[in-house]
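# Observations on chain architecture
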Amino acid sequence: MHKIYKILFLVVCAFVTKTSAFAQVPTDSLSHAGKTDSQSLSVNPLLENIFNNKNPREYIIKEIKVTGSTSFDPNLIISISGLAVGDKISLPGGDAFARAINNLWKQNLVSNVEIYITQLIGNDISIEINITDRPTLTSFKFKGIGKSEAEDLSPKIGLAKGRVTRVTESLKTSASSVIKKFYVDKGFRNVDVQIVETKDPKATNSVNIVFIINKNGKVRINEIYFAGNHSVSDLRLKKQMKGTKEKSRLTLFPSINENVYDSTKANHVSFNEYLKENGYLIPSATKELLDPYVRIKLLSSAKFNEKKFIEDKGHILDYYNSLGFRDASIISDTNYQDKKNLDVAIKLEEGHRYYFGNITWKGNTKYSDSLLTLYLGIKKGSIYNAEILNKKLGKSPSPEGGDITSLYQDDGYLFFNITPVETAVYNDTIDHEIRIVEGPQATIGKVEITGNDKTKEYVIRRELRTVPGDKFSRAEIIRTQRELSQLGYFNPEKINPGIVPNLDNGTVDITWGLEEKSSDQLELSAGFGGGIGLTGTLGVTFNNFSIYNILNKKAWQPLPSGDGQKLSLRAQSNGKQFRSYNFSFTEPWLGGKKRNSFTISYYDTKYANAYDPLTGYYSKAYGDSSFIKTTGISVSLGKQLKWPDDYFALVYQLNYQRYKLRNYNIFPGLTNGVSNNISLKVTLARNSAGPNPIFPTSGSNFVLSTQLTPPYSLFNSSGETLNSYKWVEFHKERFTAEWYVPIGQGRGPDKNKQFILKAAAKYGFLGRYSNKTITSPFERFQLGDAGLSNNYGLLGYDIIAHRGYPVYDNSDPKINPDLSQAREFFTIFNKYTVELRYPFSTSASSTIYGLAFFEAANGWYDFKDYNPFKLRRSVGVGMRFFLPMFGLLGFDYGIGLDRLNGSTGLKGAAKFTFMLGQEPE
């Protein structure tokens, strides 16, 4: 558009300068007769003769005057034009005036330019530049869209209120294009944009602009057609198109007799004809092509996005390559659009399918050919797949390792390089030679740490497995990343080992880049209930505490921190009915030299039956006459093992609990008195899950524990059971196994987001030493609901969550647990869980993921009734939110499959559960 205006004004320039010299002729000069501007009505013939001369003459500009502008300094206009007093110009035939007009036009400041010769004295001429300013923008607004969309659009179109903006056709065209693209990307491919420009009555030469937007409804992909795909079905190809999906509903086949533009023929043909000529298969082949057919499609957005469509074409070719069709190509593609439907057609050429031939090795001295071939895992005759080959060689490394590059780099060969070369291609077979440059083994040089503004350096260094002087190992780099992430002090996405190889001396320097995040947690709630009194919770957890600086006043900002210890304080009250105090402290490196953890904890809890039925109020006096009080203290010492590997840990825990009951009938035969529970718990654990402890993406977690009390009954020759409650006696075994497996691979901007499959199995058993004693009523297993603690938790019960079910006490899945209130709990339980998780955010400020689950669990009272396949089953969905300040928050909606019956239906079998603090068992 600019070029057209430039050409027009060049022509106008020549015409204006020929006809706009107005004056009458005095005796000694050529000048205006009583007029000093371009409004003179008489034309001086001698001025006009300037352009009638056959030969050009040279003139000197004596004066330049600017008229018409109300916004710009005349000197600015003269400067932009390029003309200056004293310039020599040639007329006719010169281009000085044309260049001046062009220079002014390029600035987009004016809407019209005219240049006049106003006076001629000898060879000196005076000129006048008459311009019309472009209007400025006072305001703009959108019509036809919502407020939120208008807020999103405003910064995109490049207009700003309060800033001097000249309104040009280019500006309006650009704004319209941005608006259309904005809505096309959202699926509104028929969007119309009308621009209405009105003068602003309150300002000179200013306008207001209104963008009238008509979205005209979304255009959705109705059908995707393929041609030339002889080896792969349409359905499989459509599955590869992650961002281009067909419409999700019962839909009729569109009219395929409409016209579509065929770029190969440069004319319009019917879509029906285009499909037939290009080999596309049309559904409902037994009917006429114009007959409608009905197809059910899965849920999808079905909007067409050009960028995603290009990416999806690449995904199709990647899929063909993975099947051995390395020469596969897309010959052409087109689309047809009617009012609200769009059909896409893709024509392919598959080429031949190839297979791996002979694979030989060159340059390897560390490992033999046979070992590398075994590690590669590709056999002669396997379908050719370049992606698998590169992955096995380590050209596209993964954290899990298992490739040739990892094999070498785990042994110090940081400078290792590997290149696959095709040595022969014959028929459908490809031979390869794998060329290796091993290089020297690298030794770790300097190891530095940056970004630890709060955590002390020694706390970080004791977690590092990259020690100066050690041989470089890729596996140790990954393990260190996991260990630093497990601390919870740093953003796991920002833990970066800055590896700087020094080939000259065979060393590698490592700079661990960290970013501190908030790791402390606060729990706060308060309320007041009529008759109950003050209720509330106050809890704080300092995960990076420093007990060494507890007496250092300067370190209290607000608390001493940075030494990696954990301090937790919590107080909870439910008025006169319940109160609880908890304290725990953990030193993860007792002594500072080895990973030997030390933990001490104390709690005191009281649950009172404070409701007085005579008065109808909660009474402290009544609560003091009927209650259960639990006091406990525990000390544990943990040790990291080196065998079978250093993921193993062994923990010893000594526990003492004291249960005091007064007029509280919780067990048959136990209403008043004191019970004591002294036990030793030994736990063997192996935890390789990570790297993010909140949202593990790989690895596993195994925990095997046994908890033992002294066998008091074996010391009692009489076999009496009178004191069975006074000294609690039991042995308790628990086993937990969890696996985390990544599924698929994210693409595009979400390439780091992928589905994670979690599978878990749990088992628990509570036994007795002698048949002459009863099985302990303490320390049993409560199943059902969300796994939140309750008054039974005061008795040391393990509370096992079972989503979709309330708390139950019957082993028969056919019995609806809603029909009875659980009073006695199990001595054996089994639980199996499968979860499919997807992360929405894994940032340091918040971790958010969704999940779908299948769960099966049950409990039994006696081992002879135990049946691990007789389970209550449930399915459902849930969300998890982890905020550093408040911990983990979760919601689940579960459907108990064994609760379904004809009378209540799905509603009666569903249950919404809520969890807070940590993932329930």
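In case you missed it, the structure is sitting above this.
So, a few notes on the structure that sits alongside this text. Just so we're clear, the structure is a prediction, and the values are computed from it rather than from any experiment.

## Remarks on the overall build of the protein chain
- For the protein chain, the count of helices and strands is 16 helices and 40 strands.
- Evaluated residue by residue, the protein chain yields a buried proportion of 44% over its 921 residues.
- Sequence-distant contacts, at least 24 apart, represent 61% of the contacts inside the protein chain between residues at least 6 apart.
- For the protein chain, the exposed area adds up to about 47,300 Å²; of that, 55% sits on carbon and sulfur atoms.

## Things to note about the packing of aromatic side chains
- Tallied over the full model, the rule gives 33 aromatic pairs.
- Ring centres of Y489 and F490 lie 6.2 Å apart, and the angle between their planes is 70°; this geometry places the pair in the edge-to-face category.
- Grouped by ring-pair contacts, the aromatic residues Y763, F765, W860, F863 and Y866 constitute a single cluster.
- Just above the ring of F188 sits the side chain of K215; from NZ or CZ to the centre is 5.0 Å.
- A cation sits over an aromatic face here: R326 above Y354, 5.1 Å from the ring centre.

## Topic: the nonpolar core
- Residues L83, I117 and I129 are the most contacted members of the largest nonpolar core, which totals 29 residues.
- Looking at this core, the elements with two or more residues in it are β1 (57-67), α3 (74-81), β2 (88-91), α4 (96-106), β3 (110-121) and β4 (124-133).

## As for the sheet that holds strand β19 (residues 496-502)
- As summarised here, the arrangement of the three strands in space is β18-β20-β19, forming an open sheet in which the pairing is mixed. Two strands close off the open sheet at either side, each with one partner strand: β18 (443-450) and β19. Taking the axes of each pair of neighbouring strands and ignoring which way they run, one obtains an average angle of 20° across the sheet.
- As judged from the seven bridges shared by β19 and strand β20 (residues 507-513), these two strands associate in the antiparallel manner. The partner of N496 across the bridge, within β20, is G513.
- On the sheet, helix α14 (residues 474-487) packs against β19 and β20 and is oriented at approximately 20° with respect to β20.

## Observations concerning the sheet that holds β4
- Pairing is mixed in the open sheet, where four strands are placed in the order β2-β1-β4-β3. Either end of the sheet is taken by a strand with one partner, and the two such strands are β2 and β3. Strand after strand, the sheet turns through a mean of 40° between neighbouring axes, direction not considered.
- Strands in contact with α3 are β1 and β4; relative to β1, the strand with the most contacts, it is inclined by about 145°.
- Each of β2, β3 and β4 touches α4; the most contacted strand, β3, lies at about 150° to it.

## Focus on the pairing of strand β24 (residues 578-587)
- Sheet analysis places strand β23 (residues 565-574) next to β24, joined by eight bridges and oriented antiparallel. Directly across from R570, in β24, lies its bridge partner N582.
- Direction of pairing for β24 relative to strand β25 (residues 596-608): antiparallel, over a ladder of ten bridges. Residue pairing for β25: F585 is matched across the bridge by I600.

## Observations concerning a nonpolar patch on the surface
- On the surface, Y458, I547, Y548, I550, L551 and W556 cluster together into a nonpolar patch covering about 650 Å² of accessible area.
- By the secondary structure assignment, I547 is in the loop between β22 (533-545) and β23.
- A relative accessible area of 37% means that I547 is categorised as partly exposed.

## Details of the environment of L522
- Mapped onto the elements, L522 comes out in strand β21 (residues 521-529).
- Residues L522 and L569, 47 residues apart in the sequence, show an inter-C-alpha distance of 10.0 Å.
- Beyond its immediate sequence surroundings of up to four residues, L522 is in contact with L538, G539, V540, M885 and F886.

## Describing the packing of α3 against α4
- Viewed as axis vectors pointing N to C, α3 and α4 meet at an angle of 115°, and their least axial separation amounts to 7 Å. Counting all contacts with α3, which are made through I77, I80 and S81, the residues of α4 involved are R99, A100, N103 and L104.
- For the contact of α3 with α4, the class distribution of residues is four nonpolar, two polar and one charged.

## Examining α4
- Buried residues of α4: A96, F97, A98, A100, I101, L104 and W105, and no others.
- Positive backbone phi, approximately 60°, marks N108, located one or two places after α4.

## Considering the environment of K395
- Within the element layout of this structure, K395 appears in the loop between α11 (386-393) and α12 (404-409).
- A C-alpha to C-alpha distance of 8.5 Å links K395 and T419, two positions 24 residues apart in sequence.
- Setting aside anything within four residues of it in sequence, one finds K395 in contact with N390, N417 and I418.
- At 2.8 Å, the side chain of K395 and the backbone oxygen of I418 are in polar contact.

## Considerations on the pattern of salt bridges
- Summed over all chains, the structure comprises 36 salt bridges.
- Of the charged contacts in the structure, one is a salt bridge between K172 and E197, with a shortest N-O distance of 2.9 Å. Pair noted here: K172 is in helix α6 (residues 169-184) and E197 is in strand β6 (residues 192-199), with a separation of 25 residues, a long-range link.
- The class of E197 is partly exposed, set by a relative accessible area of 35%.
- For E433, the salt bridge identified is with R435, shortest N-O distance 2.6 Å.
- Looking at E433, the relative accessible area reads 18%, which means it is buried.

## Details of the side chain of S636
- Relative to the helices and strands, S636 resides in strand β28 (residues 627-640).
- If we ignore the near neighbours within four places in the chain, the residues touching S636 are S597, F598, T599, V651, Y652 and Q653.

## A word on the environment of S846
- Summarising the element assignment, S846 is placed in the loop between β36 (828-842) and β37 (847-860).
- S846 gets classed as buried once you look at its relative accessible area, which sits at 14%.
- Along the sequence, S846 and L888 sit 42 residues apart, while their C-alpha atoms lie 9.9 Å from each other.

Cut-off values and rules
- Residues numbered from 1 in each chain as written.
- Predicted model: local features only at pLDDT ≥ 70, side-chain atom pairs only at ≥ 80, totals over all residues.
- Heavy atoms only, no water.
- Helix = DSSP H or I, 4+ residues; strand = E, 2+ residues; numbered from the N terminus.
- Buried < 20%, exposed > 50% of the residue type's maximum accessible area, 1.4 Å probe, protein only.
- Contact = heavy atoms within 4.5 Å.
- Areas by Shrake-Rupley, 256 points an atom, 1.4 Å probe, with all protein chains shown as cover.
- Phe/Tyr/Trp six-rings, centres within 6.5 Å; stacked < 30°, edge-to-face > 60°.
- Lys NZ or Arg CZ within 6 Å of the ring centre and 35° of its normal.
- Core = buried A, V, L, I, M, F, W, Y, C linked by side-chain atoms within 4.5 Å.
- Pairing = 2+ DSSP bridges.
- Axes fitted to C-alpha atoms, helices over the stretch in contact; angles between N-to-C directions.
- Patch = residues over 30% accessible without salt bridge, like charges linked within 9 Å, V, L, I, M, F, W, Y side chains within 5 Å.
- Salt bridge = Lys/Arg side-chain N within 4 Å of Asp/Glu carboxyl O.
- Nonpolar A, V, L, I, M, F, W, Y, C, P; charged D, E, K, R; others polar.
- Polar contact = N/O pair within 3.5 Å; in protein donor to acceptor, adjacent residues only side chain to side chain.

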